[in-house]
Amino acid sequence: MFLDTRVLRHLTAEDWKVLAAVEMGSKNHELVPTPLIERMSRLKGGVSGVHRSIATLAKSGLIGRMKEAKYDGYRLTYGGLDYLALHTHSSKDVVYSVGSRVGVGKESDIMIVADKTGKQKILKIHRLGRISFRTVKSNRDYLRNKQGGSWMYLSRLAAMKEYAFMQALQGEGFPVPEPINQSRHTIVMSLVESLPLRQVSSVPDPASLYAELIDLILRLAKHGLIHGDFNEFNILIKEERTNKYTIEDGEEKETETVTLVPIIIDFPQMVSMDHVNAEMYFDRDVECIKRFFKKRFHFVPTQPGPFFKDAKKTVGKDGAKRLDAAVEASGFTKKMLKELEKAIREQQAKIDAGEAVEEDELDEDEDEEDDDKDDSDDEEDEEDQQEEEEQAVFEIPASVGRPLSDAEKGLEKLSLGGKGGKRRV
């Protein structure tokens, strides 16, 4: 789904109240009855003002009807939820402008945003359920036996969980983007100028980088955590430059050294070392790194492991804070965790079984006024962009880790995506 913010500036205070009313009504209704929207909006203009706002919101795709509904009502769309989240970030002076999308996945969109000073940040929009189930077409009960909730609710849980873990990890000195704010299904975080590991074709010292990544897995374990999706897609490689001044032949000379620093991202799948499947997740994270380094860098470690049983013994040792307990204490409860894990497992099982269907496709069946052609074009653009990004692979030169020559200092940074601009992730 593409985030189109053109309508944002034209919405009135009344429109925001009506949109918020639809969101509140969605907690107990898949389709919020129009009379309920009228009561919850509390507009001074009365019913006529509510209907004007409903027309504006529906035309903009922020709310929608459902075919063959038994009563008159509207449902909140992902676009409407996006707008509500942006409105909250804007009111807190966290986001002032929205730029281009720099990443897209099956469960999230990554956008460039900026505050009033022009400082760029990252907006991550969770879209759990973008890949949904064919069986959902025959059963549109989003509350599913009153357990869990809609995909929007689960996307909120994913954002809450990720934000809580980012705060906890940053507090313990782990290399993660700085978490700035969270609203509904979105997170605003610092912008890290870097390359995704999957787009790096070679590094000067694979053994050193491998050791750092394994050390991160073990550090997480010591703090009671397993990433759960520790692979080349969720590891960024940042270049840290240091300048050193020396005196040679009576003259001061400046040399610059570049060091590769791994940054961890994407935490919705993170689990505790006490999780019932902890050993499976731990071993999978280790195997993912080993498999990637063997395939991409032709590097095979000489020592086996690390092993879960050994990592388990280090949990909480040397004063390490149990971050799994800290996150639970922050308000992300075990019940929320179980609901989110169940949804992720079911979604992945359907994907693996080839029974998945785009969630946008389900929305097309429900909305009376969808423009099928525009949706199809948007999906093709997304696929083309994603394919371009996946095919872009770069080589980190052997100069990394040693002083750069004067000629090398003048080189521009690697550009991703083939569009001719700097790519920051």
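This text follows the structure it describes.
(A) The arrangement of the sheet that holds strand β5 (residues 108–114) in detail. Pairing is antiparallel across the open sheet formed by five strands, whose spatial order is β4-β5-β6-β9-β8. Since the sheet does not close on itself, it has two edges, and those belong to β4 (97–104) and β8 (179–183), each with one partner. Strand after strand, the sheet turns through a mean of 25° between neighbouring axes, direction not considered. Of the strand pairs in this sheet, β5 and strand β6 (residues 120–126) are connected by seven bridges, and their pairing is antiparallel. Paired with M111 across the bridge in β6 is L123. Set on the sheet, helix α4 (residues 78–91) makes contact with β4, β6, β8 and β9 (186–190); between it and β8 the angle comes to about 130°. Taken strand by strand, helix α5 (residues 151–171) contacts β6, β8 and β9, and its axis lies near 160° from that of β8.

(B) A look at the packing of helix α1 (residues 13–25) against helix α2 (residues 34–41). Viewed as axis vectors pointing N to C, α1 and α2 meet at an angle of 120°, and their least axial separation amounts to 9 Å. Classified by the angle between their axes, α1 and α2 sit oblique to one another. The handedness of the crossing between α1 and α2 comes out as right-handed. Every residue of α2 that contacts α1 at K17, V18, A21, V22, M24 and G25 is listed here: L36, I37, M40 and S41. For the contact of α1 with α2, a count of residues per class yields seven nonpolar, two polar and one charged.

(C) Quick peek at the packing of helix α6 (residues 206–222) against helix α7 (residues 278–297). With their axes 11 Å apart at the nearest point, α6 and α7 run at an angle of 170° to one another. What the angle tells us is that α6 and α7 run roughly antiparallel. Listed contacts from α7 to P206, L209, Y210, L213, I214, I217, L218 and A221 of α6 are F282, D285, V286, I289, K290, F293 and F297. The residue makeup of the contact of α6 with α7, split by class, is 13 nonpolar, no polar and two charged.

(D) Local environment of the sheet that holds strand β1 (residues 32–33). One open sheet holds the three strands; their spatial order is β1-β3-β2, and the pairing between them is antiparallel. Either end of the sheet is taken by a strand with one partner, and the two such strands are β1 and β2 (63–64). Relative to strand β3 (residues 73–76), β1 runs antiparallel, the two sharing two bridges. Paired with P33 across the two strands is G73, which belongs to β3.

(E) Structural detail: the environment of F233. With respect to the element layout, F233 can be found in the loop between β12 (225–226) and β13 (235–248). Judged by its relative accessible area of 47%, F233 falls in the partly exposed class. A sequence separation of 37 residues divides F233 from P196, and the C-alpha atoms of the two residues are 6.5 Å apart. Setting aside its immediate chain neighbours within four residues, F233 contacts R198 and I265.

(F) Representation of the pairing of β5. For β5, the tally of buried residues reaches seven of seven residues, placing the bulk of the element in the interior. Because side chains alternate across β5, one face comprises the buried residues S108, I110, I112 and A114, and the other comprises D109, M111 and V113, equally buried. Sheet topology note: the β4/β5 ladder contains five bridges and is antiparallel. Paired with V98 across the two strands is V113, which belongs to β5. With antiparallel pairing between neighbouring strands as the criterion, β4 and β5 make up a hairpin whose turn holds three residues. Following β5, the chain reverses through five residues before pairing antiparallel with β6; G118 in that reversal takes a positive phi of roughly 90°.

(G) Focus on the nonpolar core. In terms of nonpolar packing, the biggest core is built from 84 residues, with L19, I37, L169, L197, L213 and F293 touching the most fellow members. At twelve residues, the largest contribution of residues to this core is made by α5. With near-sequence residues (within four places) excluded, L213 lies in contact with L197, F230, I235, P262, I289 and F293. Judged by nonpolar contacts, the second largest core, of nine residues, contains L3, M111, L123 and I125.

Procedures and definitions
- Residues numbered from 1 in each chain as written.
- Predicted model: local features only at pLDDT ≥ 70, side-chain atom pairs only at ≥ 80, totals over all residues.
- Heavy atoms only, no water.
- Pairing = 2+ DSSP bridges.
- Helix = DSSP H or I, 4+ residues; strand = E, 2+ residues; numbered from the N terminus.
- Axes fitted to C-alpha atoms, helices over the stretch in contact; angles between N-to-C directions.
- Contact = heavy atoms within 4.5 Å.
- Parallel < 35°, antiparallel > 145°, perpendicular 65-115°, else oblique.
- Left-handed = near helix turned anticlockwise from the far one by under 90°.
- Nonpolar A, V, L, I, M, F, W, Y, C, P; charged D, E, K, R; others polar.
- Buried < 20%, exposed > 50% of the residue type's maximum accessible area, 1.4 Å probe, protein only.
- Core = buried A, V, L, I, M, F, W, Y, C linked by side-chain atoms within 4.5 Å.

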